[in-house]
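Summary of the model geometry
Here is how the chains run, residue by residue.
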Amino acid sequence: MYANLATGECVWDPPEGVPVKRTDSNQWWELFDQKTARFYYYNATSQRTVWHKPTNCDIIPLAKLQTLKHNTDCSPAVTSNQSTQTGHPTERGQALSLSASTPQLRRKPSDLCRSSSFSQRGAEAPLYSNWHDSHLLPLEHFLLNNSRESDSDHSDSGSESLTGMPYEIVIICSCKGHEPDNEDSDQSEGSYLPHRLSHRQVEYLNLPTGVSTEPRERDRECPPTPLLKPLAEPPLQPEREADMEKFAADNLNLGGRGLFRRKASVRDLLSWTQRSLQRPLLASSKPVYKQALEMFRQVQMYMGDRKARPGFSLNSLLMEILGTAHVQSLLRDELFVQLCKQTTENPRRESLLRGWELLTIALAFIPPSPVFQPALLGYLNRHRDPTFSRVFPDVNRWPIHVQVNHYATVACQRLERIGAGGKRTAKRPQTDDIESARKQIFQASLFGNTLREVMQLQSSRWPNRRLPWPQVELSMQVLKLQGLQTEGIFRVSADVDEVNRLKAQMDKWELSEPSDAHVPANLLKLWLRELYEPLIPDSLYPECVAEPMTSRRACDLVLRLPTLHRLVLCYLIRFLQTFNKPDVIQHTKMDASNLAMVFAPNCLRCMASDPRTMFDNARKEMAFLRCLIQDLDTDCVRDMI
């Protein structure tokens, strides 16, 4: 049989006019497991089956043919038996019986019942067992439609449609018994934590949308709901990656010393297990081995592979895990290697999702070491496929491999920002921080991103706006709530709970009226302070704190800012200039110097760690911003929103 590497199309007759490459040990089949809704890969030569996509090899996408077989076979049991017994197809339509000749996943019924596995679905959601068109998962539906369109487009073209594509000779053989090991041996006491990842409500995602919808009649006076717009995804950067297996071979604690002690293999140490660890995974974690073993038990509890102790919740476990990793830097790489292990060849859907969620949340607060970062980046990129965002726009029906792809993409972005070369630092999270990090996996935030990403998020809702909606809306709220007559505006702290509540509302594109002007004033400073890239880029920071600082020099520096940064800064300065008037200062007690003192740390970011340098630069930052408030011409943003 001849298979097209690009499309997965298979034919019996040799194609004419195309190069043919014979099968070898460097060839893998890409197949699809209905029970877990995941792709898996099978090597016909070595009869090895793995979950992760192999690299530096030829991948034959047979999932399409596999799906067509399941959907066109009227009597699968009979056909499967016949194919197994004879070993030869009787018709072209039965060329490949993948249900009988491809690796299947071993599962123990007792394990499924006890662990509330993914196969236990209610009668209202027959996701994987009903193959009627109206109940197909997006993957099968997409493959079927593609095949029908392909068949209709090329029904008269015969073998001519195959010209120019590389083909492989595929030898179909039985590979029963070479499945990923899914054994389960959890005997711990306690109870499993309830799963909270299903039926997720999603307002907007970092993925492209399908077609837009017209607003309902009652909403016509309000802006339409934002469409799903893609944020800038971190690119695949092979030159910055390293092979996880190579890192493991050099750094894993393989054991093997002493009498009768067997040396563990890298594959065994990097594959999912329900058992406890007997020693830390990394040799560098030996000084804190007790904490490393306890951390792995907590990871298993979070993923649902081990019963949690009474009183524990998902958030309390996260607080324990991340708090320990924050204090003990030696345990950070240990944590990430443990998560890579537990998300490799994991047979349980819910456990796999929790593991990826934990990995993604951890990267919001804890960075890996510079030595391990390339290996972690390679592991994340191995699970990413940019085409999924275009193929599967319906979030509520994502197959498992598409969900893993999304977690890996978000985790890769967080790694880029908190790892070596990033601008974020390690932080011990609180409960609210953990909830925000979890929510922002599927709901991009207006806080903590770059200005360009904020504009991209709002572009579907307001395509003609040239300024960020949070800045404009919060500035208007300050003026609306009599901020010009409020003493200590921008200096007096607001109620923290109300500020957080308003922040959560803005992430949903909502804004209720605050109790006083201090709330939007504090949230405006927070929005500026949390920008991933500061309003004044780091490249211009040395010139902004250079002495002597004059108004002309400060205004010239503004002209050198990127366009979006310049517009946002000019709008902010124009807003602050309304407070720098004698009649207003009389009420607020906030002149240009006071305003500059409050806003300078939110617009400029000092990267020095020496306290004396930081204190000295604070004075210079205030001088720069005071010059802008007093003399910058801001007519360019008049009436701009």
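Computed from a predicted model, the values in this text were never measured in an experiment.

This brings us to the overall build of the protein. Helices and strands together make up the secondary structure of the protein, namely 25 helices and eight strands. Here the protein, with 641 residues, has 50% of them falling under the buried criterion. If you sum the accessible surface of the protein, you get close to 30700 Å²; carbon and sulfur atoms cover 50% of it.

The next thing to look at is helix α15 (residues 431-442). The α-helix winds at 3.6 residues per turn, so residues separated by three or four positions along the chain end up facing the same way. Inspection of α15 places I434, A437, R438, I441 and F442 among the buried residues, and these make up the whole buried set. Each buried residue of α15 sits inside an arc of 140° when the element is viewed along its axis, so together they form one side. Check the buried side of α15 and you find it contacts α8 (289-303), α9 (314-327), α11 (349-362) and α14 (400-418).

Per the stated rule, a full pass over the model turns up 18 salt bridges. Between E530 and K503 there is a salt bridge, with its nearest N and O atoms 3.3 Å apart. Taken together, the residues E530 in the loop between α19 (518-529) and α20 (541-544) and K503 in helix α18 (residues 496-507) connect sequence positions 27 residues apart. Among the residues examined, E530 registers a relative accessible area of 29% and is labelled partly exposed. With relative accessibility at 18%, the residue K503 sits in the buried group. Ionic contacts of the salt-bridge type, sharing partners, join the residues E547, D616, R619 and K620 into one network.

Taken together, four strands build an open sheet; the order of strands is β6-β5-β4-β7 and the sheet is mixed. The sheet terminates laterally at β6 (48-50) and β7 (58-61), the two strands that pair on one side only. Neighbour-to-neighbour, the strand axes of the sheet open up by a mean angle of 30°, direction not taken into account. Of the strand pairs in this sheet, strand β5 (residues 38-43) and β6 are connected by three bridges, and their pairing is antiparallel. Note that in β6 the partner of Y42 across the bridge is T49.

Moving on to the packing of helix α16 (residues 451-458) against helix α22 (residues 563-577). Where α16 meets α22, the closest approach of the two axes is 10 Å, and the angle between their N-to-C directions is 85°. Taken together, α16 and α22 sit at an angle that is classed as roughly perpendicular. Residues L451, R452 and M455 of α16 touch α22, and the partners they reach there are L564, H565 and V568. Partitioned by chemical class, the residues of the contact of α16 with α22 number four nonpolar, one polar and one charged.

This next bit is on the confidence of the model for the protein. When pLDDT is averaged along the protein, the result is 74, and 67% of the positions lie at 70 or above. pLDDT under 50 marks residues 73-187. Its contacts with residues more than four places away, or in other chains, come to 212 contacts.

A separate point is unusual backbone geometry. Note the cis peptide between E547 and P548, where omega equals -5°. Secondary-structure assignment places P548 in the loop between α20 and α21 (551-559). Despite not being glycine, E345 shows a phi value in the positive range, around 50°.

Moving on to helix α24 (residues 592-603). Residues of α24 that are buried include every one of A592, L595, A596, V598, F599, A600, N602 and C603, and no others. Among the structural elements, α19, α22 and α25 (611-631) are those in contact with the buried residues of α24.

Moving on, we come to the nonpolar core. Residues F490, F624 and L628 are the most contacted members of the largest nonpolar core, which totals 69 residues. Per-element tally for this core: the top contributor is α22, with nine residues. Apart from residues no more than four positions distant in its own chain, L628 is found in contact with A554, C555, V558, L569, I573 and Q577. By size, the runner-up hydrophobic cluster in this structure holds 61 residues, among which are V288, L358, L363 and F372.

So, about the packing of aromatic side chains. Taken as a whole and assessed by the stated rule, the structure comprises 10 aromatic pairs. Between Y407 and F442 the ring centres are 5.5 Å apart and the planes differ by 85°, which places this aromatic pair in the edge-to-face class. Of this pair, Y407 sits in helix α14 while F442 sits in helix α15, placing them 35 residues apart in sequence. Judged on exposure class, the residue Y407 and its partner F442 are both buried. Considering the side-chain rings of F490 and F575, the 5.9 Å spacing of their centres and the 85° angle between planes classify their relative orientation as edge-to-face. With F490 in the loop between α17 (469-480) and α18 and F575 in helix α22, this pair connects stretches of sequence that are 85 residues apart. The two residues F490 and F575 agree in class, both being buried. Over the ring of Y532 we find R417, and its NZ or CZ is 4.4 Å from the ring centre. Over the ring of W462 we find R465, and its NZ or CZ is 4.7 Å from the ring centre.

This brings us to the pairing of β5. Most of β5 is tucked away, with six of its six residues classed as buried. Burial along β5 is two-sided: R38, Y40 and Y42 facing one way and F39, Y41 and N43 facing the other are all buried. Direction of pairing for strand β4 (residues 27-33) relative to β5: antiparallel, over a ladder of five bridges. From the neighbouring strand, F32 faces β5, where its bridge partner is F39. Here β5 folds back onto β6 in antiparallel fashion, the turn holding four residues, of which Q47 has a positive phi close to 55°.

With respect to the secondary-structure elements, K480 resides in helix α17. Assessed through its relative accessible area of 53%, K480 is described here as exposed. It is 9.6 Å that separates the C-alpha atoms of K480 and D516, two residues lying 36 residues apart in sequence.

We now examine the environment of Q47. Examined against the element boundaries, Q47 turns out to sit in the loop between β5 and β6. For Q47, a relative accessible area of 26% translates into the label partly exposed.

Structurally, the position occupied by K620 is in helix α25. For K620, a relative accessible area of 17% translates into the label buried. Setting aside residues no more than four positions away along its own chain, K620 makes contact with C544, V545 and E547.

Criteria and cut-off values
Residues numbered from 1 in each chain as written. Predicted model: local features only at pLDDT ≥ 70, side-chain atom pairs only at ≥ 80, totals over all residues. Heavy atoms only, no water. Helix = DSSP H or I, 4+ residues; strand = E, 2+ residues; numbered from the N terminus. Buried < 20%, exposed > 50% of the residue type's maximum accessible area, 1.4 Å probe, protein only. Areas by Shrake-Rupley, 256 points an atom, 1.4 Å probe, with all protein chains shown as cover. Arc of directions from axis to C-beta. Contact = heavy atoms within 4.5 Å. Salt bridge = Lys/Arg side-chain N within 4 Å of Asp/Glu carboxyl O. Pairing = 2+ DSSP bridges. Axes fitted to C-alpha atoms, helices over the stretch in contact; angles between N-to-C directions. Parallel < 35°, antiparallel > 145°, perpendicular 65-115°, else oblique. Nonpolar A, V, L, I, M, F, W, Y, C, P; charged D, E, K, R; others polar. pLDDT = per-residue confidence, 0-100. Core = buried A, V, L, I, M, F, W, Y, C linked by side-chain atoms within 4.5 Å. Phe/Tyr/Trp six-rings, centres within 6.5 Å; stacked < 30°, edge-to-face > 60°. Lys NZ or Arg CZ within 6 Å of the ring centre and 35° of its normal.

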